Amino acid sequence: MSAKKPIIEIKNVSYSYESIDGRRISALDGISLSIERGSFVAVLGHNGSGKSTLAKLLNMILTPEKGEIYFDGERVSGPGDIDENVMYAVRRRVGMVHQNPDNQIVATIVEEDVAFGPENLGIPPQEIRDRVDAALAAVGMTEYARHAPHRLSGGQKQRVAIAGILAMMPECIIFDESTAMLDPSGRAEVMEIIKKLNKERNITIILITHDMMEAAMADRIVILNDGRVYADGTPQEIFSQVDRMRAIKLDVPETTAFMYELSSLGLTLPRGVFNVRECAEAVAAALFAAGKVRV
Ligand SMILES: Nc1ncnc2c1ncn2[C@@H]1O[C@H](COP(=O)(O)OP(=O)(O)OP(=O)(O)O)[C@@H](O)[C@H]1O
Ligand SMILES: [Mg+2]
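Residues numbered from 1 in each chain as written. Chains lettered and ligands numbered in written order. Predicted model: local features only at pLDDT ≥ 70, side-chain atom pairs only at ≥ 80, totals over all residues. Heavy atoms only, no water.

Once that is clear, we can look at the nonpolar core. Residues V114, I162, L166, I223 and F239 are the most contacted members of the largest nonpolar core, which totals 51 residues. Setting aside chain neighbours within four positions, we find F239 in contact with M212, A216, I221, M245, V252, P253, T256, G272 and F274. Of all hydrophobic cores here, the second largest spans 31 residues; its members include I8, Y15, V41 and L224. (Core = buried A, V, L, I, M, F, W, Y, C linked by side-chain atoms within 4.5 Å. Buried < 20%, exposed > 50% of the residue type's maximum accessible area, 1.4 Å probe, protein only. Contact = heavy atoms within 4.5 Å.)

Following this line, the structure appears as structure tokens:
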């Protein structure tokens, strides 16, 4: 396997907001992270832990108060300096999908909405047409091209929002709780597309979520707590630290919690397992080994 280069590097970044009464509210406190190109990273953490602030820094809506951000090896932001050309270039390469599908739709026809981003980039009309068609196909919304976005389901609206980002041909997409307002089938639709974009197109994914099973689909989980990186590892590594997760009152997937409780009752079980089938196999194997079950 070839060594993967970081697409994004965050070096010792801090950010604080000003409250109404003039106090500084620290949102990120000296965080460093390196994101590999083509990776799928989930970011977890309580309300107020700094996740959206991190997303806004990466999308250059905010600039760091301290520290620096590198994109593809190039320093793109640091305290007090914004180069508008760099900012627009980064925003084209790092797309962002937000939580509320209704706030992201700007046009009255789906295909016009998807064309909005590339139109702003000054792409020639024929290429826009091709990009819109390809983006709608990628999210399975081709047949809705001429529909009115406001009549779509929440999941379909999010797919249109994703198509609008794809039409800009980004290298990285940040999803800031983009499934939070959707029902289970809408969530599943969007997660399928996210996984496909990562695996088939090598688009780097940063998925901010409160959903443990969604986070478990990533290659890597970063947990933010109080504006700092609290834990960073594969889903297996993260979910094997049940006590550490519970120490900051974060859940682990229910399957992992069930395995943890069975272990504490004396069964010898692997840690960090969350896939239902793997859990069932591990429990069955432990029961066979303990002589509790015969076939
Ligand atoms: N515009 C703002 N003005 C003042 N304080 C803010 C502002 N936006 C965020 N904060 C504060 O910064 C901290 C981090 O907020 P942030 O939105 O990054 O958290 P989050 O992890 O995305 O939370 P959530 O899970 O609720 O979306 C919090 O203490 C929050 O109250
Ligand atoms: Mg947030």
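Back to the write-up after that little detour.
Not every positive phi belongs to a glycine, and M169 is a case in point at roughly 55°. Relative to the helices and strands, M169 is located in the loop between helix 5 (154-166) and strand 7 (172-176). Located in the positive-phi region is E177, a residue other than glycine, with phi close to 55°. For E177, a relative accessible area of 16% gives the class buried. (Helix = DSSP H or I, 4+ residues; strand = E, 2+ residues; numbered from the N terminus.)

What follows concerns helix 2 (residues 84-93). Turning to helix 2, its buried residues are V86, M87, V90 and R93. Seen along its axis, helix 2 keeps its buried residues to an arc of 130°; they face one direction. Looking at the packing, one finds that the buried side of helix 2 touches helix 1 (51-58), strand 4 (66-71), strand 5 (74-77), strand 6 (94-97) and strand 7. Between a side-chain oxygen at the N-terminus of helix 2 and the backbone nitrogen of N85 the separation is 2.9 Å; the capping residue is D83. (Arc of directions from axis to C-beta. Polar contact = N/O pair within 3.5 Å; in protein donor to acceptor, adjacent residues only side chain to side chain.)

Before going further, it helps to spend a moment on the pairing of strand 6. Along a regular strand, successive side chains alternate from one face of the sheet to the other. Side chains V94 and M96 project from strand 6 onto one buried face, and the interleaved G95 and V97 project onto a second face that is buried too. Of the strand pairs in this sheet, strand 6 and strand 7 are connected by 4 bridges, and their pairing is parallel. Opposite G95, over in strand 7, you have I173 as the bridge partner. (Pairing = 2+ DSSP bridges.)

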